[in-house]
Amino acid sequence: MTTTSVNNGVNVQALLDAREALKGAPEATKFTWRASCKWQNGTHSKTKVQSFFGLGQEQSHKTESTLGADHPEIFASEDHAITPIEYVLVGLASCLTAGVAAVAQNRGVQLRSVESNLEGKMDIRGILGMDSDVRNGYDDIKVTFKIDADASKDEIEAIVAQSQKRSAVYDVITNPVNVTVEVK
Amino acid sequence: MGLAASRCLTARSIDHVVLERGEVANSWRRERWDSLRLLTPNWQSRLPGYQYDGADPDGYMTMREVIDFISRFAVFSGVPVRTHTTVTCVKRNDAGYDVATTNGNLRCRTLILASGACNVPSVPALSQTVPQSIQSFTPFSYRNPSDLPQGGVLVVGASATGVQLADEIVRSGRPVTLSVGEHVRLPRTYRGRDVLWWMDASGVWDQRYNEIDDVTRVRRLPSPQLIGTPERATLDLNALSAAGVELVGRLAAVRDGQALFSGGLRNLFALADLKMNRLLGTFDEWARSHAREAEVGLPERFEPTRAPASSRLKLDLRNGELRSIVWATGFRPDYSWLDVPVIDDKGHLRHDGGVVDAPGLYALGLPVLRRRKSTFIYGAGDDARELVDHLASYLATPVKARS
């Protein structure tokens, strides 16, 4: 299906080859992603991300990333960086966008531009402990894509739908996951 | 499936016997709910050398009619069937297979597994975490809505089984919540013809397993949302919503007595609508390029699946509103009696178009075994013929020449 003239910068062949190679290697497919966070002051923290585990061994990003998080001034914070819940939107947007590029490449669709706007709706009565019936996090997330590509509207919609179907972040947002938090 | 194979074996004068654990058409007699009708129209009820000749070619057989149809075929074909004979173990020997049954032992050079893909309801492990106060049903234990306690019902799964059961249960006056995972949407009729007429005529159904991209995925697809009714009604999720069924996402977990559903329902609708429209586009293209427009109606497009503004993410299983769960989560084959190393780690039979990964062993009636129609009665004949051809040439090969 891959046509050579289409180039979205995704090496789909490498991904397909990996899928084939991993068929007989169940252990190599188990990944662990990591982040290390350090409190700064107030609601400000810095999280470093570099190492991860996968393909049966320790792996590392080329460089370490440091990501700050804080709350805005209207929450009486110093607003050194975006809020943690906004990182969820960052994760979802970038995951779906990467998926769109990969799926389009696999389907031989040349992309010219892919833009999206995300809105997460949240009622802060939850986190403020004002009403126990109100959940803490988002109760509704809306992603709006604007895509310019050599494809029909239906084809573009199918690419976006497939991207959601294979998105790790979309999955972890829409489905429950076990979370263990402990103190050492 | 076994009877179709028998007919082909007889045509080649290959000595054989068909083993049946109960009576002829046993699963149709004992493992189906009362209201079920075939998904295929009567004119597609066709077995090698035998076909429906009644007055209603566009209708759908009730289970009683299916049982009669298959029983008449067995008599018509003179099938050497040994009923009330359950196979308890199959082992390889030097020349073929040892078959132990509840009715004596046999030896054979070749063996066709025609027991199909639906021997046991497949129920997810999380069903174990459902509170004891909720009664669980499977398509094998459910016969009709009156089997269920009064009160709310959660139907898990939106294949043909799930949508049919949700529909008749909500009509019995019980509130129904339908948990929807990946599903296949189809209209009952398209441009005035049964959708399965289109599948057949356009050649989609004859698509072969080795021509399909990612056949492993296609083999695992749930059955299409179809129902056979005298009205030839479409039973999609919009029809169920209109009947009062509440649609929720895939059942993801049961935690603290709450069923938790995925929030990804909207995308599942989009995927199913897009796939349906692509298929209808294939039909339109076929009608155009084969000059068949005159005999069908105008192209149609159906309303997209209506997503609830905000689908419910939790359902309390302990407050008494919900009384039962129907697990319409598919079926799996039972190979517990097959002592031949041909089952993969997911419990599937290793085969290439029904030629199983062991000499002289064959399978029939599995999803997309050789073509898309393989699990339908209509698909039995072609698969059986081809596999019996293979089997005959296997028998004709001297033992020494086999690897």
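Residues numbered from 1 in each chain as written. Chains lettered and ligands numbered in written order. Predicted model: local features only at pLDDT ≥ 70, side-chain atom pairs only at ≥ 80, totals over all residues.

A.B. asks: Tell me what's going on with unusual backbone geometry, and back it up with residues and numbers.
C.D. replies: Positive phi, close to 55°, is recorded for Leu55 of chain A, a residue that is not glycine. For Leu55 of chain A, the location among the structural elements is in the loop between β3 (44-54) and β4 (57-69). Residue Leu55 of chain A is classed as partly exposed on the basis of its C-beta count, with 15 C-beta atoms lying within 10 Å. In this structure, Ser13 of chain B takes a positive phi of about 55° despite not being glycine. (Helix = DSSP H or I, 4+ residues; strand = E, 2+ residues; numbered from the N terminus. Buried ≥ 20, exposed ≤ 12 C-beta atoms within 10 Å, placed from the backbone.)

A.B. asks: Lay out the pairing of strand β16 (residues 251-255) of chain B with the relevant residues and their values.
C.D. replies: All names here are of chain B. In this structure, β16 lies alongside strand β17 (residues 258-261), joined through four bridges in antiparallel fashion. Residue pairing across strands places Val254 opposite Ala259, the latter belonging to β17. Count of turn residues in the β16/β17 antiparallel hairpin: two residues, of which Asp256 carries a positive phi of about 50°. (Pairing = 2+ DSSP bridges.)

A.B. asks: Give a detailed account of the interface of chain B and chain A, specifying residues and quantitative values.
C.D. replies: Every contact between the two is made by 13 residues of chain B and, on the other side, eleven residues of chain A. The set of elements that each furnish at least two residues to the side of chain B that touches chain A consists of β16 and α8 (265-289) of chain B. With five residues, α8 of chain B is the single largest residue contributor to the side of chain B that touches chain A. Looking at side-chain class alone, the side of chain B that touches chain A contains six nonpolar, six polar and one charged residues. (Contact = placed C-beta atoms within 7 Å. Nonpolar A, V, L, I, M, F, W, Y, C, P; charged D, E, K, R; others polar.)

A.B. asks: Give a description of the domain arrangement of chain A that names residues and reports values.
C.D. replies: Residue and element names in this part refer to chain A. When its domains are assigned, chain A resolves into domain 1 (9-81) and domain 2 (83-184). Domain 1 and domain 2 are separated by 17 Å when their C-alpha centres are compared. Each side of the interface is counted separately: domain 1 has seven residues, and domain 2 has seven residues. Residues belonging to the side of domain 1 that touches domain 2 are distributed by class as follows: five nonpolar, two polar and no charged. (Domains from an automatic or database assignment.)

A.B. asks: Can you explain the sheet that holds strand β5 (residues 87-92) of chain B? Please cite residues and give values.
C.D. replies: Residues and elements named next belong to chain B. Strand order in the open sheet made by the four strands is β7-β6-β5-β21, with mixed pairing throughout. Each having just a single partner strand, β7 (104-108) and β21 (338-339) make up the two edges of the open sheet. Relative to strand β6 (residues 97-101), β5 runs antiparallel, the two being bridged by five bridges. Of the residues in β6, the one forming a bridge with Cys89 is Ala100.

A.B. asks: Describe the domain arrangement of chain B, naming the residues involved and giving the relevant values.
C.D. replies: All names here are of chain B. Parsing chain B into structural domains produces domain 1 (2-119 + 333-401) and domain 2 (122-327). Computed from C-alpha coordinates alone, the two centres of domain 1 and domain 2 are separated by 28 Å. With 21 residues of domain 1 at the contact, the number on the domain 2 side is 23 residues. Class assignment for the residues of the side of domain 1 that touches domain 2 results in eight nonpolar, five polar and eight charged.

A.B. asks: Any chance you could break down the packing of helix α1 (residues 2-11) of chain B against helix α9 (residues 377-396) of chain B for me, citing the residues and the numbers?
C.D. replies: All names here are of chain B. Two numbers describe how α1 lies on α9: the axes approach to 9 Å, and their chain directions differ by 45°. By the criterion of interaxial angle, the relationship of α1 to α9 is oblique. For the pair α1 and α9, the crossing hand works out as right-handed. Contact with α1, carried on its side by Ala4, Ala5, Cys8 and Leu9, involves Ala380, Gly381, Ala384, Arg385 and Val388 of α9 and no other residues of that element. Broken down by class, the residue content of the contact of α1 with α9 amounts to seven nonpolar, one polar and one charged. (Axes fitted to C-alpha atoms, helices over the stretch in contact; angles between N-to-C directions. Parallel < 35°, antiparallel > 145°, perpendicular 65-115°, else oblique. Left-handed = near helix turned anticlockwise from the far one by under 90°.)

A.B. asks: I'd like a rundown of the sheet that holds strand β18 (residues 314-316) of chain B, residues and numbers included.
C.D. replies: All names here are of chain B. One open sheet accounts for three strands, arranged β16-β17-β18; its pairing is antiparallel. Edge positions in the open sheet fall to β16 and β18, since each of these has one partner strand only. Recorded for the sheet is a direction-independent mean angle of 20° between the axes of neighbouring strands. As defined by bridge partners, β17 adjoins β18 across three bridges and the pair is classed as antiparallel. Across the sheet, Leu260 pairs through a bridge with Lys314, a residue of β18.

A.B. asks: Help me get a handle on the environment of Gly22 of chain B, residues and values and all.
C.D. replies: All names here are of chain B. By the element assignment, Gly22 lies in the loop between β1 (18-19) and α2 (26-30). The sequence separation of Gly22 and His84 amounts to 62 residues, and the corresponding C-alpha distance is 4.3 Å. The residues touching Gly22, leaving out its near neighbours within four places in the chain, are Arg30, Thr83 and His84.

A.B. asks: Tell me what's going on with helix α3 (residues 153-165) of chain A, and back it up with residues and numbers.
C.D. replies: Compared with an ideal rise of 1.5 Å per residue, which puts 13 residues at 18 Å, α3 of chain A spans 18 Å between its outermost C-alpha atoms and is within 8% of the ideal. Taken together, the buried positions of α3 of chain A are occupied by Ile156, Ala158, Ile159, Val160, Ala161, Gln162, Ser163 and Gln164 of chain A. If you follow the buried residues of α3 of chain A, they end up packed against α2 (84-106), β6 (140-149) and α4 (168-174) of chain A together with α8 of chain B. (Expected span 1.5 Å × (residues − 1).)

A.B. asks: Requested: an account of the pairing of β6 of chain A, with residues and values cited.
C.D. replies: All names here are of chain A. Burial within β6 is sparse, with just one of its ten residues counted as buried. The pairing of strand β5 (residues 111-121) with β6 spans ten bridges and is antiparallel. Residue Gly120 lies in a different strand from β6, and its bridge partner there is Ile141.

A.B. asks: Any details on helix α4 (residues 160-171) of chain B? Residues and values, ideally.
C.D. replies: Residue and element names in this part refer to chain B. Helix length check: α4 (twelve residues) gives 17 Å between terminal C-alpha atoms against 16 Å at 1.5 Å per residue, within 8%. Counted residue by residue, α4 has ten buried out of twelve residues, so it is predominantly covered. The complete set of buried residues in α4 reads Ala160, Thr161, Gly162, Val163, Gln164, Leu165, Ala166, Asp167, Ile169 and Val170. On its buried side, α4 packs onto β11 (152-156), β12 (176-179), α7 (237-242) and β19 (322-327). One or two residues past the end of α4 sits Gly173, with phi positive at roughly 95°.

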